[in-house]
Each structure stands twice: as structure tokens, then as C-alpha cells.
Amino acid sequence: MKFPQIEPSRIHIEDLTEGIGAGTIGLPDFQRDFDWSDRDVRALIGTVLMGWPAGTLLIMRGNPEYFSLRPFDGIRHLAPQVKYVILDGQQRLTSLFRALHNVGPFVYAIKFGEVSADDIDSLEENIVSYRRADWESSFPSETIQRDQGLVPVYALKSASDFFAWKEAAARGSKKKEKSPDPLSVLYKALFSRVDGYEFPAVIMERELQPDAIARIFERINKTGMRLGAFDLMVARSYGPKWNLRQKWAQASDEHVKLHAFLEDDGMPVLQCIALTQLNNIRQSAILALDVDTVRKKWQTSAKAIESAASFLMAECGVLNQEWLPYRAQLLVLAGLVATGVDLSKNADLWRSWFWDRSFNQGYDVASNTRTVSDFKYLLEIVAGDMDFEFRMPNLKALQEATKRGQGALWRSFVCALASNKPIDLSGDSLEINTKTKPKENGTAIEIQPIFGKETTPDGPGLHTRILSSVLLLPETASHLKRATLSKLVDTLVRQSGSKAADSILATQFLPPAKDIKRLEKNPSAILEYRSQSLAKFLLKFNT
């Protein structure tokens, strides 16, 4: 049986652009502004002219109940009664509205002299754009446009628009029209495709619930803005004096590490609120949050994520978000902070938990469920009701693991290296600074494998092993790419002496200098040595 709240359909391009112009088609107020480049618009025009599909639109019928609306860019007001709300398709429809209705900063045209109706490369090469002032000064009349071999895209909005433009161009021209007229032939073969173009659309009734809309959106279209729980909460919580998207931008500006770890994704702040209020971080739980709760807890939760990121940088070697084994770890710590836990107290506990969950791949499956269970578990430990049990990882499996196969394990090992106060194999300091912006740390440190791609006798691929990684300055990393580890260590011994060299190698979980050359012929032995060194590092956290 067909679900009554969802209707697949096809909508003519003219109905869409005319509705935008009349204000009967609008946008959710929470959506981002139009941001397609001029090149993107020209590519879309080419797609439409070829009659090719340009993606499905996601539309809601009528005025919605739980978010406000705004008109499309360039339109002053919405009509009192809106027919459609575009949930996905803003960029495409704004582009076509501007091109076909002759509004916006650019005018689009087609050089018709050499264009082919069946060759997309030829077509795209001959779709051009002009800044509006340049167009109006260089091609002020239809006659000049035609004589210069240009047909404006706005003349293709309908058959009547095209032939009206063509007649106006002929009236002022001294050139005689050829028979058959090449423009008429081209209109039939190519330009008329615009007039007949339709978009497939999924139309939903206004009564459909927000979580259902988000799920449907994720499944039917990937071409536009992803409409997730954060965007829907922006809509639900919107008010004259409160805009969640603005609050997110403000939090990103105020909290440097929050922005560095989350970038443009404000969802974890909402997850932190849901974790502390509902013991649930799934999308359905976020959408079930009371609007007043989101407003009251937003700032506290944003600060909590900043504090959690600071702790991970300073105490766990997570120098930037790309090194974080699991985002769930950031969320659990943020939830604790948001409930009043001071991470500077019991720091040994949080470090033990971090290394246990990292090297035992604690969030590889059922991540949402385990995030909640860890949050409650750690709260019970803080309350004195339980003790934390640290588990050593499977060292043999770690020796075989690769970066591609176990990315979280690789990130965990990199963090362990950073936490071990590593020294560059030149003897210079790596200057790991957890007080700076996280992004700044990555610019001076490279993660480099100690094995080359042709390593034998264990065969190729040793360079992909997790335990092959070291942290180096860019210049040293470049030397290691061209030489062997033993040659690099020989230079280190000559410059620093054997005792100092061994201390430096130990900071990178590497064997003493005298053993490097011997073990280099047996890479598995080096991997085993590094796994044992890592085990000694982790034992410090078995509290």
C-alpha cells in the first residue's frame, strides 16, 4: 500500500522557477545561503540542455508547522500561502531561476555558432557567463547579441520567449536570415529541451515528522545539502531571538579547539545534550529534545566539548581531530564535563579509559550504545560505586594490523607516540605543543613509516603496518624516505653519542642503536620490540 504522506512526482522547470519568482515556493529559514560557483551554474545549464537528469528534489507541500520559511535569494517576499518548500534542491533551483529569469550577478548565454546538440563537451565549452554590467554594456540589444553569436539563456525559458527574442533580433539587423534559419533549427534540436525539462521530486505532506524527513532525505539524494538532525533542530528551535546556526557559529569562534575538532559539524554539541539529558545520542533522541532544553544547555555543552578536546590534546596525544581514535571518546568526556565532572581531577582514570578503549577498539561496533554505556559507567566510577578495569590489547594482532584495515588502531598508536614525548631522529625537538590551535601541530610533524615499500623478507606492505610509524620533522622524514632507518640512526649516534641516541630511539618505541642494523634484516622483530615497548607504556595506565 502506498504511504499516504509521500508522493513521487515530476515537476516542470517553468512551474518551479515561476513559483520561486511568485513567492509560492520557498526555503526553510535554517538552510544555508546559495553558494554555487559560476562554473557550477554553467555545468547545470549544460545538463538541462542535454536533457540529462539533475537529481531528485525533496519537497514539502504547504506551510510547515515546525520551522519558518524564507524566499529564494533575490526574491523579497513569500506569498501568504506557500505551495512548496524545497528541502533539497536550493542550489540547483536558484541557479536555474537566475539564469532563466535574468536575475543575479551573472548573465548566461550560449555561443550558438559552433555548438553541437549531441556533444556535451562542445556544449559546455560554448556556455558562457558575463557579469551583468559587462553584458548590458557590451550586448545591450537582441540584435547585437545575435550578431555576436550569442543567445541568452533567459531567452530559452519558453518557446514564446525564444521566438520573441529572435524576432526582436531580426528587426534591428541588416543581415538577411538564411533559409533554413540556423537558430530555429538549433532551437528544435537543442534549446527546446529547456522548455520541456522536468525534475523528479519526492513530495511530502506537512504532517510528516522531522525524524522521518531526515531519514528520507539521506536515502534519496546526495546532490544537495544534507538535511540531518542538526538542520531540523535549527528549524525546531528557531525563534526571533534564538538561532541555533548562529549559536553554532558563535561557539566555533569562541572555542578554538571545539572548532578544530568538529569543523563545520555542530551535531556533537546536540549529542552531548541528548547524552546528559536522555542517555541517548541517536538521531531520534536528538529530535525528541525539548527546545527549551537545547537553548538552556547549548552553551554548557559547547564549553564541555572544548574542555574535552583540551584534555585529549594535553593528556592523550590527540594533537588534532584526525588523530582522534573515535569521536565517541570526545563525546563521552564532554558529557562528563557537562554534568559537572572536573577532568583535571582523576586524570589517571580518564587516561586509562582512553587507552583501553582506543587499543581494544571499543567503539568499532555499536558505537552509539557503547558511548552511552561508557558515560554511565564512568559516572558510577566517579561516584565511587565501581572501579575501572584496564585491559591490555592483543599485542600479536597489533603487530599484524595495518593502517588501512584498522584506522582507529593506527590513530591510537600515533597518539601513544605523541604522548611518549617523542624526539625527532635527528635529535631535534618535535616541539609538540598542546596549548596551540590543534591544526598548527600537524604542520611541523609528519607520520612516516620506518620501512620502505619493498621491504623483505616479509614481503611488501610492511610500510602499511601500524607499528611501522614514527613521528618526525619534515626534513628528517624526507631523509628516511631516501635512506634506511639504520643509516639515519648511524648519523644520530655520530652527532649525539650512543647513550643519547638510545634515549631518543626509546621515545619512538624503537630498539637501541646497536640493535637497529641487526633487526632491520628481520622487520618482524622490530615490530615485536615496538609492541613490547608500547605494552610498557600502557602498563603505566593500569590503575
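Let us look at the structure shown here. Since the model is a prediction, treat every value here as computed from it, not as a measurement. (Residues numbered from 1 in each chain as written. Predicted model: local features only at pLDDT ≥ 70, side-chain atom pairs only at ≥ 80, totals over all residues. Heavy atoms only, no water.)

**A closer look at the sheet that holds strand β9 (residues 198-204)**
- Across the sheet, six strands lie side by side as β1-β9-β3-β5-β2-β4; this open sheet has mixed pairing. Since the sheet does not close on itself, it has two edges, and those belong to β1 (6-12) and β4 (69-70), each with one partner.
- Two strands pair when backbone bridges link them, and strand β3 (residues 57-61) and strand β5 (residues 84-88) are joined in this way by four bridges, in the antiparallel orientation. Residue pairing in the sheet places Met60 in a bridge with Val85 of β5.
- Across the face of the sheet, helix α3 (residues 90-101) comes into contact with β2 (25-28), β3, β4, β5 and β9 while running at roughly 120 degrees to β5. (Pairing = 2+ DSSP bridges. Helix = DSSP H or I, 4+ residues; strand = E, 2+ residues; numbered from the N terminus. Contact = heavy atoms within 4.5 Å. Axes fitted to C-alpha atoms, helices over the stretch in contact; angles between N-to-C directions.)

**With respect to the environment of Arg236**
- Mapped onto the elements, Arg236 comes out in helix α10 (residues 229-237).
- Overall, the relative accessible area of 23% leaves Arg236 in the partly exposed class. (Buried < 20%, exposed > 50% of the residue type's maximum accessible area, 1.4 Å probe, protein only.)

**Notes on the packing of aromatic side chains**
- Scanning the entire structure with this criterion turns up 19 aromatic pairs.
- Taking the centre distance of 4.5 Å and the plane angle of 20 degrees together, the rings of Phe162 and Tyr187 count as stacked. Taken together, the positions of Phe162 in helix α7 (residues 159-171) and Tyr187 in helix α8 (residues 182-195) put the pair 25 residues apart, joining distant regions of the chain.
- When its relative accessible area of 0% is taken as the criterion, Phe162 is described as buried.
- According to the relative accessible area criterion, Tyr187 is buried, its value standing at 8%.
- On the basis of an interplanar angle of 40 degrees and a centroid distance of 6.0 Å, the ring pair of Phe413 and Phe509 is categorised as tilted. Of this pair, Phe413 sits in helix α20 (residues 407-419) while Phe509 sits in the loop between α24 (498-507) and α25 (513-520), placing them 96 residues apart in sequence. (Phe/Tyr/Trp six-rings, centres within 6.5 Å; stacked < 30°, edge-to-face > 60°.)

**Quick notes on the pairing of β2**
- As paired elements, β2 and β5 share two bridges and run parallel to each other. Bridge assignment links Gly26 to a residue of β5, and that residue is Val85.
- Alignment of β2 against β4, held across two bridges, turns out to be antiparallel. Bridging from a neighbouring strand, Pro28 pairs with Leu69 of β4.

**Here's the deal with the pattern of salt bridges**
- One pass over the structure, following the stated rule, counts 20 salt bridges.
- Across the salt bridge formed by Glu205 and Arg61, the nearest N and O atoms sit 3.1 Å from each other. Of this pair, Glu205 sits in the loop between β9 and α9 (210-220) while Arg61 is found in strand β3, placing the two residues 144 residues apart along the sequence.
- Residue Glu205 is classed as partly exposed on the basis of its relative accessible area, which comes to 21%.
- Residue Arg61 is classed as partly exposed on the basis of its relative accessible area, which comes to 26%.
- Here Asp356 and Arg391 are joined by a salt bridge, their closest N and O atoms 2.7 Å apart. In this pair, Asp356 is assigned in helix α17 (residues 347-359) and Arg391 in the loop between α18 (367-382) and α19 (395-400), connecting sequence segments 35 residues apart. (Salt bridge = Lys/Arg side-chain N within 4 Å of Asp/Glu carboxyl O.)

Don't take any of this as a statement about function, it's just geometry.
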